[in-house]
Amino acid sequence: MAGGGVPLVRSFMEAGKPVAPICHGAWVLVEIDAVRGRRMTSTGAISTDLKNAGADWVDEEFVRDGNLLTSRNPDDLPAFNEGIVSGPAVGALRYRTAASDLRPSGGRSRRPAWAR
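Parameters at a glance
- Residues numbered from 1 in each chain as written.
- Predicted model: local features only at pLDDT ≥ 70, side-chain atom pairs only at ≥ 80, totals over all residues.
- Heavy atoms only, no water.
- Helix = DSSP H or I, 4+ residues; strand = E, 2+ residues; numbered from the N terminus.
- Contact = heavy atoms within 4.5 Å.
- Pairing = 2+ DSSP bridges.
- Phe/Tyr/Trp six-rings, centres within 6.5 Å; stacked < 30°, edge-to-face > 60°.
- Buried < 20%, exposed > 50% of the residue type's maximum accessible area, 1.4 Å probe, protein only.
- Lys NZ or Arg CZ within 6 Å of the ring centre and 35° of its normal.
- Salt bridge = Lys/Arg side-chain N within 4 Å of Asp/Glu carboxyl O.

Undergrad: Talk me through the side chain of S47; I want residue IDs and the actual numbers.
TA: Inspection of the secondary structure assignment puts S47 in helix 3 (residues 47–52). With sequence-adjacent residues up to four places away left out, S47 is seen in contact with S42 and W57.

Undergrad: Can you tell me about the pairing of strand 3 (residues 62–65), naming the residues and giving the values?
TA: Direction of pairing for strand 3 relative to strand 4 (residues 68–71): antiparallel, over a ladder of four bridges. Paired with D65 across the bridge in strand 4 is L68. Where strand 3 folds back on strand 4, the antiparallel hairpin that results is connected by two residues, among which G66 adopts a positive phi of roughly 65°.

Undergrad: Which residues make up the packing of aromatic side chains, and what values go with them?
TA: In this structure the tally under the stated criterion is one aromatic pair. Here F62 and F80 contribute two aromatic rings whose centre-to-centre distance is 6.3 Å and whose plane-to-plane angle is 70°, an arrangement assigned as edge-to-face. Here F62, found in strand 3, pairs with F80, found in helix 4 (residues 77–86); they are 18 residues apart in sequence, far enough to count as distant. Across this residue pair, the class does not change: F62 and F80 are buried. It is K17 that lies over the ring of F12; its NZ or CZ is 5.3 Å from the centre.

Undergrad: Would you mind going over the pattern of salt bridges in detail, with residue names and values included?
TA: A complete count under the given rule lists five salt bridges for this structure. A salt bridge links D65 to R38; the nearest nitrogen and oxygen atoms lie 3.5 Å apart. Pair noted here: D65 is in strand 3 and R38 is in the loop between helix 2 (27–31) and strand 1 (39–40), with a separation of 27 residues, a long-range link. A relative accessible area of 16% means that R38 is categorised as buried. Between R72 and D76 there is a salt bridge, with the nearest N and O atoms lying 2.6 Å from each other.

Undergrad: Explain unusual backbone geometry residue by residue, including any values.
TA: Positive phi outside glycine occurs at C23, with the angle close to 65°. With respect to the helices and strands, C23 occurs in the loop between helix 1 (5–15) and helix 2. In this structure, D33 is a non-glycine residue whose phi angle is positive, near 55°. Relative to the helices and strands, D33 resides in the loop between helix 2 and strand 1.

Structure representation (structure tokens):
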């Protein structure tokens with residue numbers, strides 16, 4: 001896996017920011033060794049890869065493990081969407097964005113650090 005996606009996902013995982021892969025998206029987490037000991041789901045096609053990398057893989061519509069929010073496939077989008085918008089990870093992200101990532105005005109960026 002090449003490109004900017006791997007460092008971006010690694011930085012989000014290290015910072016404890018929400019990461020929400022669906023279907024085959026969890027493969028990038030294997031690449032950065034971020035699944036060991038984490039409870040998660042994905043498409044069944046990569047379940048063995050995730051288990052071999054140390055994940056506690058389960059066959060469920062949506063799984064939350066801290067900042068890691070996973071789902072199996074597009075058929076599970078209703079549960080995935082509900083889990084993402086209703087969970088504590090989103091509330092923490094809103095708080096960080098509103099309270100600590102915004103710089104004062106005066107010509108400087110007011111975009112949150114995670115969006116720069």
